[in-house]
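Structural overview for review
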Amino acid sequence: DAKTTQPNSMESNEEEPVHLPCNHSTISGTDYIHWYRQLPSQGPEYVIHGLTSNVNNRMASLAIAEDRKSSTLILHRATLRDAAVYYCILEAGGTSYGKLTFGQGTILTVHP
Amino acid sequence: DAGVIQSPRHEVTEMGQEVTLRCKPISGHDYLFWYRQTMMRGLELLIYFNNNVPIDDSGMPEDRFSAKMPNASFSTLKIQPSEPRDSAVYFCASSFGFGSTTYFGPGTRLLVL
């Protein structure tokens, strides 16, 4: 499975934008880029995903580099509820169809 | 839909006992996943099914672990015999497959004494 690299931790202040980076230099042309987050004592929760183009939804935006070797999850205004572990995951086709392999993620701390 | 349903939510058992974890996926989803989470190893994929058929069980730690999906609305993960190192949170998840959203259940917190 193609690997992703994320910073171990990041900090932000409440109501400020947060940019969470992810490197995936070995991405294949058909790999989807997914972001999930896990709040304390809960299961992982879907945030956003994309293939080639930037994506927006009510939770966040996903900016994908032109060469697709990196992406950035953007939380436009961080709240205390956004404090979580954020996982950047590549979903490959072929024999790994549908499978998500989680790395260590980025621990986001949001300060009031 | 009520989301992915797991039972029990908490399980405390003694070493050597059989443990059965249960999962009801979201209706219509044809992929079902079992994950395990520990502080040391993070989130690990144990096994996943497509249309009730196991596709990849390479993450199952050893023969003490087995999983079944007898129909589209039910799956079990069984540990027999259980050991203290099996203590973890076990998540079940389901999806429509490639390129779609995976929905996770609330997890079963297992403690083996």
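Just above sits the structure.
Quick summary incoming for the structure in this document. In this text the structure is predicted, and so the values were computed from the model without any measurement.

Thoughts on the overall build of chain B
Across its full length, chain B holds zero helices and 11 strands. Beginning at the N terminus, the succession of helices and strands in chain B can be written as β-β-β-β-β-β-β-β-β-β-β. For 113 residues, the compact-globule formula gives about 13 Å, and the C-alpha radius of gyration of chain B, at 13 Å, lands near that figure. Its C-alpha atoms put chain B at 40 × 25 × 25 Å along the principal axes. The buried share among the 113 residues of chain B stands at 50%. Considering only residue pairs separated by 6 or more positions, chain B has 54% of its internal contacts joining residues 24 or more positions apart. Total accessible area computed for chain B in this model is approximately 5,500 Å², and 51% of it derives from carbon and sulfur atoms.

Some remarks on the interface of chain A and chain B
On the chain B side, the residues contacting the 23 residues of chain A number 19 residues. Summing the contributions of chain A and of chain B, the shared interface buries around 1,700 Å²; its carbon and sulfur component is 55%. Run the count over chain A and chain B and you get one salt bridge. In this structure, Asp56(B) engages Lys99(A) in a salt bridge whose closest nitrogen and oxygen atoms are separated by 3.2 Å. Our count for the chain A to chain B interface comes out at six residue pairs in polar contact (both at pLDDT 80 or more). Elements with a minimum of two residues in the side of chain A that touches chain B: β3 (32-38), β4 (45-50) and β8 (84-91) of chain A.

Regarding a nonpolar patch on the surface
Residues and elements named next belong to chain B. Among the surface-exposed residues, Val12, Leu111 and Leu113 lie close enough to one another that they form a single nonpolar patch of about 290 Å² accessible area. Tracing the chain through its elements places leucine 111 in strand β11 (residues 108-112). With a relative accessible area of 40%, leucine 111 lands in the partly exposed category.

Section: the pairing of strand β6 (residues 53-56) of chain B
Residues and elements named next belong to chain B. Here strand β5 (residues 42-50) runs beside β6; their pairing, made up of three bridges, is antiparallel. Considered in β6, the bridge of asparagine 50 is made with valine 53. Remark: two residues form the turn of the hairpin made by β5 and β6, two consecutive strands paired antiparallel; asparagine 51 in that turn has positive phi of roughly 50°.

Parameters and conventions
Residues numbered from 1 in each chain as written. Chains lettered and ligands numbered in written order. Predicted model: local features only at pLDDT ≥ 70, side-chain atom pairs only at ≥ 80, totals over all residues. Heavy atoms only, no water. Helix = DSSP H or I, 4+ residues; strand = E, 2+ residues; numbered from the N terminus. Rg over C-alpha atoms; globule rule 2.2 N^0.38 Å. Buried < 20%, exposed > 50% of the residue type's maximum accessible area, 1.4 Å probe, protein only. Contact = heavy atoms within 4.5 Å. Areas by Shrake-Rupley, 256 points an atom, 1.4 Å probe, with all protein chains shown as cover. Buried area = accessible area lost by both parts, 1.4 Å probe. Salt bridge = Lys/Arg side-chain N within 4 Å of Asp/Glu carboxyl O. Polar contact = N/O pair within 3.5 Å; in protein donor to acceptor, adjacent residues only side chain to side chain. Patch = residues over 30% accessible without salt bridge, like charges linked within 9 Å, V, L, I, M, F, W, Y side chains within 5 Å. Pairing = 2+ DSSP bridges.

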